[in-house]
Amino acid sequence: MSEVRSPVESDIMAHYSRAAGHIGLIRLANPPVNALSSAVRHDLCRALERASADTGAKAIVLCGENGLFCGGADILEFSKKTGGPALVPLINAIEAGEKPVVAAIEGVALGGGLEMALGCHYRIAHCQARLGLPEVMLGLLPGAGGTQRLPRLIGFPAALELITTGRHVSAEEALTLGLVDQVTDGDVQEAAVKFAQRVADEPLASRRLSTWKPPCPADLDTLLQGALGRLQSRARGALAPVACVHALQAATLPFAQGIEKEQELMATLFSSPQARAMQYCFFSQRIVGKWSLAGRANWKNTPVRTVHRAAVVGLGTMGRGITVTLVRAGIPTVAMEMDRGQLQAAQQAVTAMLEREATKQKRSLDSYLQLVQFTLERRHLQDVDLVIEAVYEDLALKKRLFSELCAVCRPDAILCTNTSGLDVDVIAGTTRRPEVVVGMHFFAPAHVMKLLEVVRGPRSSPVAVATVVHLGKLLGKVSVVVGNSPGFVGNRLLKPYMEQANFLLEEGATPEQVDGTLEEFGFAMGIFRMSDLSGLDVGWRVRRESGLTGPAVRPEESPRHRLGCRYCPLADLLCERGRLGQKTGQGWYLYEGPEGRKALPDPWLHGFLDEYRRQHALKPRRIDQQEVLERCLYALANEGFRVLEEGVAAGPEDIDTIYVLGYGWPAHMGGPMYHVATVGLSAVLTRLEHFHRAHPDVPQLQPSALLRHLVAQGSPPISKWRELVRVQRSQL
Ligand SMILES: CC/C=C\CC(=O)SCCNC(=O)CCNC(=O)[C@H](O)C(C)(C)COP(=O)(O)OP(=O)(O)OC[C@H]1O[C@@H](n2cnc3c(N)ncnc32)[C@H](O)[C@@H]1OP(=O)(O)O
């Protein structure tokens, strides 16, 4: 039975009223996204009863308040015991009703919201609306009839793609797919009321999707098997995409049996640790948006400057991707290079990328190209609101450039550096206006990856930070505000992770073994394959600059020790031999030619490792999967605790968001901090102590003070860490 609720009108979450021309109007009212909470479902049932009993209403329009139809089931309720009518019978009741129901979709119709619209007899969308079944992103499947009604309406191939990716589609695409009956650029409720008047007397039987026979392609089995294969290799070990395919397969059965199968699969997902992890990821991405800085500035009270015109300086791979991202968001952009040949190459590459974008968005290439001005001339930077520097990762070069930017740009222009780890404050120090300098760390490919590390230097102003975070949102990124520590958060944590992987090679493992274990855990790519892809020279350059390798190393120093700590020179040795990864056809793996993408085990590398171990009197041992995982992942999370105790990140959610969106950590495993919380902090502490005893010259294995503190506090749940680690001297 649903709970007893106040009868006060303003508390009602689904209002019934009468619109013009004998049309009943049901309006969902549960801000911010009209989620279908138990209270909404309760009120919706009552509103439906009123509408069907209203003899003056011939048809019904279902819409949402505040310019938004419905964001789906209330995710907050997933972890609670709630009452209220269940969604499946409610949607069945809408569909079985005697009066036509027209869904008036504006803003979004997502998840249960779209499933409810599929239970309606007609769907009208505003041209700006987005529709989708994103449950797979929450570790679930569309469990309110979505897997059964959608393929009946738009066919198996399209339904399979939408349900397994969770992709949102535009109203225009929805119309093409047959997901909606009409798109309007006017008032969608008015259009829906007019539509309802027109169809009020039409027969309803053929509008009930549950009665439709799904258009079953002859090769359905091949289609579904192919999808299973692709999904399993894309998100290894993830349960939800596989369950989505099985639920879709059940849409070939009579509707009631299909629904039964859908419910059965949903029940297994609903209580799964993977769903909990993915829902944690969803809320983490919202938490990181609510940043605050030392002092009182925060996301709510800090004004944002509008970026009318931006500039990208340096058009290598990153600069090109950033330019495309800005242009795609409709921001006029100056794209600058120092060298004519480089500029021409960049112009060609950016144009080709924009051409692909234009085809995808069904827009003209010109509409993009008119937003970008390619130039060699500094004077074109005079009137921009924000510059993103994306030159080579060389501190001296960046310092020179920033002092020039300071001279040429407007005094209020925000100056951003896309460094992946250099000191933002040192760069800011070369300008007369360090307060306008902020780090804007994009991830490659910049036009694809959703993560943006926004680096607040000690002198960056709150307005500059707020403007960059806001710009990130306009670019479709999730911005995480982090402090100015070497490597910031993402690359800083990568270091101990990578070091452990390298040490494991010294001790007897192979790149394939380490990568295989990490990929089985769920990473899209193991650490060695990832290094080969990014290029081994990237880290080599950083290590040479910091004196860990190269001419700065004193000849008497042991190759396996630096500053009293263990050091593994294997990656340096590969670079010295010209093995820089995929781009040279050889790295930790072998590739078929410089263009080859497939990483093949390399017998030469195995021999090289044997020889290296012999030279250094290292006796190889058998290393099991558990050790690989524990050493790599706990070392990474241990550094995460240090980042928290130093105030470089505000909470575990920030670190997890960075790892899931930027470093291929499987979302269904929540992120590194979520992972160690799930394993149990005290168990992780014990293992780190054990490893540190075995490797006392590896400081990254020494358990951090914060980890010890949390264990001493009785291992509070991860949701409490943010409060507990609030430090005196935040670097944010
Ligand atoms: C039987 C089960 C049947 C169905 C299963 C489902 O329906 S599962 C839910 C499927 N729906 C979704 O996955 C949609 C999730 N939401 C979004 O994608 C975005 O929030 C949305 C709707 C596109 C709006 O984006 P926007 O950037 O405008 O806002 P923001 O994301 O910051 O969200 C604003 C606040 O709303 C909260 N919220 C959003 N969706 C839900 C939801 N479905 N349930 C509960 N709460 C939701 C979000 O957390 C934000 O809250 P805040 O406290 O302000 O941080």
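Computed from a predicted structure; not experimentally measured. (Residues numbered from 1 in each chain as written. Predicted model: local features only at pLDDT ≥ 70, side-chain atom pairs only at ≥ 80, totals over all residues. Heavy atoms only, no water.)

### So, the site of the ligand
Note the threshold: A molecule or strand has a residue near it when one of that residue's heavy atoms lies within 4 Å. Polar contacts, as counted here, are pairs of nitrogen or oxygen atoms within 3.5 Å of one another; within protein the pair requires one atom able to donate a hydrogen and one able to accept it, and residues that are adjacent in sequence qualify only if both atoms are side-chain atoms. Working definition: helices are DSSP H or I runs of at least four residues, strands are E runs of at least two. Numbering for both runs from the N terminus.
Not every one of the 25 residues close to the ligand is listed here, only the nearest: Gly71, Ala73, Gly112, Arg286 and Lys290. Between the ligand and the protein, one listed contact pairs a nitrogen atom with a backbone N or O atom of isoleucine 75 at 2.9 Å. Note that an oxygen atom of the ligand is positioned 3.1 Å from one of the side-chain N or O atoms of lysine 473. At the level of secondary structure, the elements contributing two or more residues to the shell around the ligand comprise helix H3 (112–119) and helix H11 (273–287). Broken down by element, the residue count for the shell around the ligand peaks at 3 residues, all from H11.

### Notes on the pattern of salt bridges
The criterion, for reference: Any Lys or Arg side-chain nitrogen found within 4 Å of a carboxyl oxygen on Asp or Glu counts as a salt bridge.
A full pass over the atoms with the stated rule returns 39 salt bridges. A salt bridge links glutamate 639 to arginine 492, with the shortest nitrogen-to-oxygen separation between them at 2.8 Å. Here arginine 492 lies in helix H18 (residues 490–507) and glutamate 639 lies in helix H24 (residues 625–645), a separation of 147 residues in the sequence. What emerges from the salt-bridge pattern is a single network uniting Glu506, Glu507, Arg560, Arg566, Arg621, Glu627 and Arg631.

### Some remarks on the sheet that holds strand E12 (residues 372–375)
Our working definition: A pair of strands counts as paired when DSSP detects no fewer than two bridges linking them. Every axis in this analysis is a line fitted to C-alpha atoms, fitted for helices over the stretch in contact. Angles between the N-to-C directions lie between 0 and 180 degrees.
Strand order in the open sheet formed by 8 strands is E12-E11-E10-E13-E14-E15-E16-E17, with mixed pairing between adjacent strands. The open sheet is flanked by E12 and strand E17 (478–483), the only strands paired with a single partner. Pairwise comparison of adjacent strand axes, ignoring direction, gives a mean angle of 25° for this sheet. Strand direction decides the pairing type here: strand E15 (residues 437–442) and strand E16 (residues 451–456), joined by 4 bridges, are antiparallel. In the strand pairing of E16, phenylalanine 442 is matched with leucine 452.

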